[in-house]
Amino acid sequence: MKPKISAQSGTFESSDVIFLIEPLPHNAGRKIELSSTVFHQYGESFNKIVVEMLDEFEMTDIHLIAKDKGALEPTIKARLETAILRSLDEQEGSILFAK
Amino acid sequence: MKKYKKRRTMLYIPGNNPAMIQQGGIYGADSILLDLEDAVAMGQKDSARILVRNMIKTIDFYDTEVCVRVNHLGSPFGLKDLEEIVPLQPSAIRYPKTESAQDIINLLHIVEEIEDRHGLPHNGMTIHAMIETAMGVQNVFEIASKFIRIDAITVGGQDLTADMNIMYTSDGAGIDFARKRIVMAAKASHMDVLDTIFPDVNDEVGLRKETEYAKKIGFTGKAVINPRQIDIVHEVYTPTEEEIRKAFRIVKEFKANTAAGIGVFAIDGKMIDAPIVSRAEYILKLANIEVKNPSDPHD
């Protein structure tokens, strides 16, 4: 699936993570930018969770930016699922950069 | 002995706050209420719903009872909340702005349909009816008494005063009738009844005073909005050592006298009859103390 609109979820609060999604042109694939306050310790698992969820939703042509403030796995997954569903225009919720 | 599950405190935790949710089991509240309703901004309902779902699936809340306040079915969010939360079977669903038995019939119809779809029994999760409108207050006994799945009634003081077009005041004057009517309905239906929140987290004296009043008129616990409020409410609702000693003595003497075929007896010159024994038993229940029969060699 491809993002239809730009979307975001999460916050910059401690123990949370913020995800921003923007659609990319056709056949552009995935562009992923992850940063985390605990990247040194948990960056590998953070990246794995994100990639697995993008695979699960079969997301492509997507630009994903994440800024993590030490979120636990259920929070990372919840925020990413919310951002994905919002980008597919399938959820109520805030749209940051509606095009 | 099955441990009596106390609900002295129910801590509200905003459903979109991962830091607070993940620590829900360590604050020391008897219950936590993961809130998808008023504590969540309209534009974040989807985010909170998914977060709460994931947290319930993953986080260990230890012995703390986990309840979820869903949005009303009259809103665009209520049905989606139930679809996500009911399959997880938290201890209870709190239903806001319950105004009639028909509201609960409508709720249970959906809850049980979801449970059937997921192969779940209809007795694994209870319902807490939240009374926060004048109509709800008027109909509270019908609401409390009709449904086996309702095991607690709660008061929403802020919404109730808004519905009554009056100001919420610290003396609680505007909602005093409602409080007492709700307590009586809960007592008549043999269920827990939790008082509304005390909104000023910096006023510990006021919180203690209001909790003491709530206990005096029959509330079994109180909703809290900040972990700092938990200990004060627990202190008010925990029997003192003297109360426990006295209750223990009454129940023990009662059992011994009953075994000897004596119905009414006296302790320290005061007559002890069934209501006093019943109150003593409740104090021991709060303290999780069991008095065994005098003939029991392990007593």
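As a reminder, the structure under discussion sits directly above these lines.
What counts, and where the lines are drawn
Residues numbered from 1 in each chain as written. Chains lettered and ligands numbered in written order. Predicted model: local features only at pLDDT ≥ 70, side-chain atom pairs only at ≥ 80, totals over all residues. Heavy atoms only, no water. Helix = DSSP H or I, 4+ residues; strand = E, 2+ residues; numbered from the N terminus. Rg over C-alpha atoms; globule rule 2.2 N^0.38 Å. Buried < 20%, exposed > 50% of the residue type's maximum accessible area, 1.4 Å probe, protein only. Contact = heavy atoms within 4.5 Å. Areas by Shrake-Rupley, 256 points an atom, 1.4 Å probe, with all protein chains shown as cover. Lys, Arg positive; Asp, Glu negative; His and termini not counted. Charge placed at Lys NZ, Arg CZ, Asp CG, Glu CD. Salt bridge = Lys/Arg side-chain N within 4 Å of Asp/Glu carboxyl O. Pairing = 2+ DSSP bridges. Axes fitted to C-alpha atoms, helices over the stretch in contact; angles between N-to-C directions. Right-handed = clockwise from strand over helix to strand, strands pointing away. Expected span 1.5 Å × (residues − 1). Polar contact = N/O pair within 3.5 Å; in protein donor to acceptor, adjacent residues only side chain to side chain. Core = buried A, V, L, I, M, F, W, Y, C linked by side-chain atoms within 4.5 Å.

**Student:** Got a minute to help me understand the overall build of chain A in this structure?
**Tutor:** A count of helical and extended segments in chain A gives two helices and four strands. Starting at the N terminus, the α and β elements of chain A follow one another as β-β-β-α-β-α. For chain A, whose C-alpha radius of gyration is 12 Å, the value lies close to the compact-globule estimate of 13 Å for 99 residues. Seen through its principal axes, chain A has C-alpha atoms that stretch 35 × 25 × 20 Å. Evaluated residue by residue, chain A yields a buried proportion of 47% over its 99 residues. Expressed as a percentage of contacts within chain A between residues at least 6 apart in sequence, the contacts between residues at least 24 apart total 75%. A total of about 5000 Å² of accessible surface is found on chain A, and carbon and sulfur atoms cover 53% of it. The distance from the centre of the 11 positive side-chain charges to the centre of the 16 negative ones in chain A is 4 Å.

**Student:** Looking at this model, I keep getting lost on the pattern of salt bridges. Mind explaining?
**Tutor:** Pairs can form between side chains of opposite charge once their charged atoms are near each other. All names here are of chain B. Taken as a whole and assessed by the stated rule, the structure comprises 31 salt bridges over all chains. When the shortest N-O distance is used, the salt bridge between D192 and R7 registers 2.9 Å. Here R7 lies in the segment before strand 1 (9-14) and D192 lies in strand 7 (residues 192-195), a separation of 185 residues in the sequence. The pair formed by D192 and R7 is uniform in burial state, with each residue classed as buried. Among the salt bridges present, the one from E210 reaches R179, with a minimum N-O distance of 3.5 Å. Of the two residues, E210 is situated in helix 9 (residues 204-217) and R179 in helix 8 (residues 176-188); the sequence distance between them amounts to 31 residues.

**Student:** It is not clear to me how the sheet that holds strand 4 (residues 92-95) of chain B should be interpreted in this structure. Could you clarify?
**Tutor:** The strands that make up a sheet pair up through hydrogen bonds in the backbone, lying either parallel or antiparallel. Residue and element names in this part refer to chain B. Spatially, 1-2-3-4-5-6-7-8 is the arrangement adopted by the eight strands of the closed barrel, whose pairing is parallel. With strand direction ignored, the average angle separating the axes of adjacent strands in the sheet is 25 degrees. Where strand 3 (residues 65-69) and strand 4 come together, three bridges link them in parallel fashion. Note that in strand 4 the partner of C67 across the bridge is A92.

**Student:** Whenever I open this one, the pairing of strand 5 (residues 126-131) of chain B confuses me. Can you help?
**Tutor:** Consecutive side chains along a regular strand alternate between the two faces of the sheet. Residues and elements named next belong to chain B. When you tally the buried positions in strand 5, you get six out of six residues, the bulk of the element. Here strand 5 shows a buried face lined by T126, H128 and M130 and a second buried face lined by I127, A129 and I131. The pairing of strand 4 with strand 5 spans four bridges and is parallel. Looking at strand 5, one finds that Y95 is bridged to A129. In this fold, the crossover linking strand 4 to strand 5 by way of helix 4 (residues 101-117) has right-handed handedness. Summarising the sheet, strand 5 and strand 6 (residues 150-155) pair through five bridges and their orientation is parallel. The partner of A129 across the bridge, within strand 6, is I153.

**Student:** What exactly am I supposed to notice about the environment of B:S91 here?
**Tutor:** Residue and element names in this part refer to chain B. Summarising the element assignment, S91 is placed in the loop between helix 3 (78-85) and strand 4. Between the C-alpha atoms of S91 and E210, which are 119 residues apart in sequence, the distance is 27 Å. The contact partners of S91, leaving out residues within four places of it in the chain, are E65, V66, M125 and T126.

**Student:** Where do I start with helix 9 of chain B in this structure?
**Tutor:** Residues lying three or four places apart along an α-helix face the same way, a consequence of the helix completing one turn every 3.6 residues. Residues and elements named next belong to chain B. Look at helix 9: 20 Å from first C-alpha to last across 14 residues, which is about the 20 Å you get at 1.5 Å a residue. Looking at the packing, one finds that the buried side of helix 9 touches helix 8, strand 7, strand 8 (221-224) and helix 10 (230-237). Two to three positions downstream of the cap, the backbone nitrogen of V205 sits 3.5 Å from a side-chain oxygen, assigning the N-cap of helix 9 to D203. At the C-terminal side of helix 9, G218 shows a positive phi close to 120 degrees.

**Student:** Looking at this structure, I do not really get the nonpolar core. What am I missing?
**Tutor:** Nonpolar side chains in soluble globular proteins tend to be buried together. Ranked by size, the top nonpolar core spans 86 residues in total, and within it A:F19, B:L34, B:L82, B:I104, B:I150, B:I153 and B:I182 carry the most contacts. For B:L34, the residues in contact, after removing those within four places along its chain, are B:I13, B:I21, B:V52, B:I56, B:V66, B:C67, B:V68 and B:R69. Counting residues in each nonpolar core, the second largest holds 12 residues, with B:I244, B:I250, B:I267 and B:I272 among its members.

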